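Survey of secondary and tertiary structure
One-letter residues, chain by chain:
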Amino acid sequence: MRDTITLSVEKMSCASCVGRVDRALVAVPGVLEVSVNLATEEATVSLDPAQVTADTLARIATEAGYPARPVLSRALKVQEAKRSKAAQELGRQTLLAAVLAAPVVVLEMGSHMIPGFHHFILNSIGLPASWWMQFILTSLILIGPGRHFYAAGFSALIKRSPDMNSLVALGTSAAYGFSVCVLIAPHLLPADAQAVYFEAAAVIVVFILLGRWLEARAKGRTGAAIKSLLSLRPKTAQVMRAGVTQTVAVDDLILNDTILLRPGERVPVDGQVTEGDSHVDESMITGEPLPVVKSTGDTVTGGTINGPGSLTFTATRIGEDTVLSGIVRMVQDAQGAKLPIQALVDRVTLWFVPVILALAAVTVTAWLAFGPTPVLSHALVAGVAVLIIACPCAMGLATPTSIMVATGRAAELGVLFRKGDALQSLADIDLIAFDKTGTLTLGKPELTALQVVEGFDRAEVFGLIASVEARAEHPIAHAILNGARDEGIEVKTATDVGAMGGMGILGQVGGHRVMVGTAKLMDDNAIDVTRLEHQAEDMAKSGATVFFAAVDGALAALIAVSDQIKPNAAATIAALKAQGIAVAMITGDRAETAHAVGREIGIDHIVSGVLPEGKVAALNRLRENHPKVGFVGDGINDAPVLACADVGIAIGTGTDIAIGAADVVLMSGDLNGVTTATRVSKATMRNIRQNLFWAFGYNTALIPVAAGVLFASHGVLLSPELAAGAMALSSLFVLSNALRLRGLNRRTA
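Residues numbered from 1 in each chain as written. Predicted model: local features only at pLDDT ≥ 70, side-chain atom pairs only at ≥ 80, totals over all residues. Heavy atoms only, no water.

A separate point is the overall build of the protein. Scanning the protein from N- to C-terminus turns up 27 helices and 26 strands. Within the protein, buried positions represent 54% of all 749 residues. For the protein, the proportion of contacts with a sequence separation of at least 24, taken over those separated by at least 6, is 69%. Here the protein has roughly 31,700 Å² of accessible surface; of this, 59% comes from carbon and sulfur atoms. (Helix = DSSP H or I, 4+ residues; strand = E, 2+ residues; numbered from the N terminus. Buried < 20%, exposed > 50% of the residue type's maximum accessible area, 1.4 Å probe, protein only. Contact = heavy atoms within 4.5 Å. Areas by Shrake-Rupley, 256 points an atom, 1.4 Å probe, with all protein chains shown as cover.)

Further remarks concern the environment of Arg-458. Inspection of the secondary structure puts Arg-458 in helix H16 (residues 458-469). Measuring from C-alpha to C-alpha, the distance between Arg-458 and Ala-557 comes to 8.4 Å, with 99 residues separating the pair along the chain. Excluding anything up to four places from it in sequence, Arg-458 contacts Leu-450, Val-452 and Glu-487. Here Glu-487 takes part through its side chain, which lies 2.8 Å from a polar atom of the side chain of Arg-458. (Polar contact = N/O pair within 3.5 Å; in protein donor to acceptor, adjacent residues only side chain to side chain.)

Strand pairing in a sheet takes place through backbone hydrogen bonds and is either antiparallel or parallel in direction. Strands sit in the order E16-E21-E20-E19-E18-E17 across an open sheet of six strands; the sheet is antiparallel. On the outer flanks of this sheet lie strand E16 (446-452) and strand E17 (495-499), each paired with one strand and no other. In this sheet, neighbouring strand axes are inclined to one another by 15° on average, regardless of whether the strands run parallel or antiparallel. Two strands pair when backbone bridges link them, and strand E19 (residues 512-517) and strand E20 (residues 545-551) are joined in this way by four bridges, in the antiparallel orientation. The residue bridging Met-515 from the neighbouring strand is Ala-550, located in E20. (Pairing = 2+ DSSP bridges. Axes fitted to C-alpha atoms, helices over the stretch in contact; angles between N-to-C directions.)

Here the focus is the sheet that holds strand E24 (residues 629-633). Overall, mixed pairing links the seven strands, which are arranged E14-E26-E25-E24-E15-E22-E23 in an open sheet. Either end of the sheet is taken by a strand with one partner, and the two such strands are strand E14 (415-417) and strand E23 (605-607). If you compare each strand with its neighbour and ignore which way they point, the axes differ by 20° on average. The pairing of strand E25 (residues 647-651) with strand E26 (residues 664-666) spans three bridges and is parallel. Opposite Ile-649, over in E26, you have Val-664 as the bridge partner.

Of the pairings in the sheet, the one linking E17 to strand E18 (residues 504-509) comprises three bridges and is antiparallel in character. Paired with Thr-495 across the two strands is Gln-508, which belongs to E18. Pairing of E18 with E19 involves six bridges; the strand directions are antiparallel. Looking at E19, one finds that Gly-507 is bridged to Val-514. Here E18 hands over to E19 after two residues, with Gly-510 in that stretch at a positive phi of 55°.

On to the pairing of E20. E20 sits mainly inside the fold: seven of its seven residues count as buried. The alternating pattern of E20 places Thr-545, Phe-547, Ala-549 and Val-551 and Val-546, Phe-548 and Ala-550 on opposite faces, both of which are buried. Pairing geometry for E20 and strand E21 (residues 554-562), over seven bridges, is antiparallel. Looking across to E21, one finds that Val-551 is bridged to Ala-554.

Taken over all residues, the pLDDT of the protein has a mean of 83, while the share at 70 or more is 87%. By mean pLDDT, helix H24 (residues 656-661) is the weakest element of the protein at 58, and strand E15 (residues 431-434) is the strongest at 95. (pLDDT = per-residue confidence, 0-100.)

To continue, consider the UniProt feature "transmembrane region" (unreviewed entry) in the protein. Mapped onto this numbering, the UniProt entry annotates "transmembrane region" (unreviewed entry) at residues 95-114, 120-143, 164-189, 195-214, 348-370, 376-399, 692-716 and 722-739. Secondary structure content for residues 195-214 is 85% helix and 0% strand, and the end C-alpha separation is 33 Å. The span residues 692-716 carries 80% helix and 0% strand; its end-to-end C-alpha distance comes to 27 Å. (UniProt positions renumbered as here; feature names shortened; annotations may be inferred.)

Moving on, we come to the packing of helix H7 (residues 164-184) against helix H13 (residues 375-389). Close contact between H7 and H13 brings their axes to 8 Å; oriented N to C, the two are set at 160°. Overall, the two elements H7 and H13 adopt an arrangement that is roughly antiparallel. Considering the relative orientation of H7 and H13, their crossing is left-handed. From H7, Leu-167, Val-168, Leu-170, Gly-171, Ala-174, Ala-175 and Phe-178 reach across to H13, where they touch Leu-376, Ser-377, Leu-380, Val-384, Leu-387 and Ile-388. (Parallel < 35°, antiparallel > 145°, perpendicular 65-115°, else oblique. Left-handed = near helix turned anticlockwise from the far one by under 90°.)

Let us now look at unusual backbone geometry. That bond from Thr-373 to Pro-374 is cis: its omega, -10°, falls within 30 degrees of zero. Looking at where Pro-374 falls in the secondary structure, it is placed in the loop between helix H12 (342-370) and H13. Residue Lys-11 is not a glycine yet carries a positive backbone phi of 65°. The residue Lys-11 is located in the loop between strand E1 (3-9) and helix H1 (15-26) in this model. Look at Asn-256: it is not a glycine, yet its phi comes out positive at around 70°. You can call Asn-256 exposed: its relative accessible area is 60%.

Moving on to the side chain of Thr-94. Inspection of the secondary structure puts Thr-94 in helix H3 (residues 76-113). Every residue in contact with Thr-94, bar those within four places of it in the chain, is listed here: Val-206, Leu-209, Leu-210 and Trp-213.

Let us look at the packing of aromatic side chains. Here the structure, examined in full by the defined rule, presents seven aromatic pairs. An angle of 70° between the planes, with centres 5.9 Å apart, marks the rings of Tyr-176 and Phe-198 as edge-to-face. Here Tyr-176 is found in helix H7, whereas its partner Phe-198 is found in helix H8 (residues 198-222), with 22 residues between them in sequence. A residue is classified by how much of its surface remains accessible, and Phe-198, at 0% relative accessible area, is buried. In this structure an aromatic cluster arises from ring pairing among Trp-132, Phe-135, Tyr-176 and Phe-198. (Phe/Tyr/Trp six-rings, centres within 6.5 Å; stacked < 30°, edge-to-face > 60°.)

Because each turn of an α-helix spans 3.6 residues, side chains separated by three or four positions in sequence point in the same direction. Its 12 residues place the ends of H1 16 Å apart at the C-alpha level, agreeing with the 16 Å of an ideal helix rising 1.5 Å per residue. In terms of burial, H1 is a largely internal element, 10 of the 12 residues being buried. Looking at H1, one finds that the buried residues are Ala-15, Ser-16, Cys-17, Val-18, Gly-19, Arg-20, Val-21, Asp-22, Ala-24 and Leu-25. (Expected span 1.5 Å × (residues − 1).)

Given below as structure tokens:
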């Protein structure tokens, strides 16, 4: 048995923290898979509930130094309140640290910036008093706002799993400890090394707190899409109960409540219209700009906006079961996913901090051995700068922030990434194959011809066919049934009805055995269709879908059904080709029909006459020349091939089974969603690579500078304060770059 739980994990500040939480949880027997997300501050764990519980995992993560608790409800308001409170507390701590650090900086650095300031200090309070003031103020910073760095950092060192906090703790402690030694035991140090670095310790803490505060605020903005989706649901609804209209909180609605919807109001929950006519704006759910006509029998979706008419509807889905809640869950799950590219980050950060500690030690040793006077001061400055500038915050944020922003923005555009790794997979797709009916076509076919064999009565045969098809759910069955009703044909009750594996349907009607389906179905049942084959070919060449009907084992009729091609199908195919993606169509239709549709919209590679189970084999054959393939479909019979494809894309207007098997869901039937999805995917991967290049490149380039490689040639030695500022700016660059994805739209994605 497999279950999935979510843990809220605190005190993660960098990629190294993510790696330690991951390793601690993976080591637990019964844990099958772990995904830790720094941006959402959550760990998603797949486990065997018979071996391990969520409480046990929370305890293990807490013992590893990262307090955790199971998330019993993923209510966004609770999470946002928690994050908002944490951001506010970080803001207060940053402000307090800055206020305390300002006098320290003025006292120590004023002489470098203001002429005569050094003599002013000497002639007024004196240098010893200045140093004591700096000691007191810096001590207050370290034991107050900076306390977390030392509690977490030294704890991680003791456990032999150093992280970013360890680098900060070691660096500032070295600067602070050296300064305290100069202050209270100067005889232990050479005269040329007697200088204090209280301002370095103070300013480092201020800059890192400032960076974390700005990160916390930026993380809040990455979840803006989900917040905007949740804001679509109104707080109250007008409900008719016991013959009286009353205002009820949406959370208190129950199934089958009768809800009154006035013009301009938002639909509170999903339901079915029982009275009234109106137009409903569903763009915030589906991305479709045009309002949809709604009347008795139609469904309405929570969060959409009613137009000029009034509607009365029955609540069919409430609470967590609504479409809107499902969308939010899908986006949250995708945002918490770990992309394959994250494995690279994890491997690097596993060794990164220990390597930095070693490099800092080498730097200090080299300066002590070969550096100019004051040797000890130079060694301290260089060693602390290496520790501070190498903090891997940006590495940990590079991937998850881009995922959060991209999946949220895609949802606003009507594209749901049900599985986060589809973001990466879709960017590498070589070929996308489409189903035909309901995907490339409108899925609302109409009966265009019914030709009976000589000796049969058309009305009688039509009635028998319609009676059997009345028991089917396929769009073509609806077309035949509607055609019969339009002609006033009587539809009787069919018995012993059974589907024939995607080839057709058979049943008993009024003592007659009726079979409707493809030429192959007829051939398998020894029914000769040659007398109608010529007419069937002509109809198929015009784009119609052709079937045959047999009554009591004899060929009785030829049926032609036409389904209009979606208006933007050709533009979508052209756009995919422009992106370098090959396009194919896999359909159960006759070759003539499939090629007629293919010619009209620009698809060259067509696989026709394929049974549902054969679609998987057809897709695998396409893999021979195109290693990464995607599939777009909408029907129940598309579920296996959607699951088989590297990326399955389901039309949101299709069946729940197809949607459940897909990696990506297009909330509307608009095929532009396919190109939107591919563009979002490519833009996201480009954004992640930019973030990783910056994060790794930044560390690679500036660690040698911090170590002092430019000192001999240019006299440049990076101060610890500037290192802390640069480290904070690196994280902010990654976050701001990820937030650029919020500007994606259907044309620029």
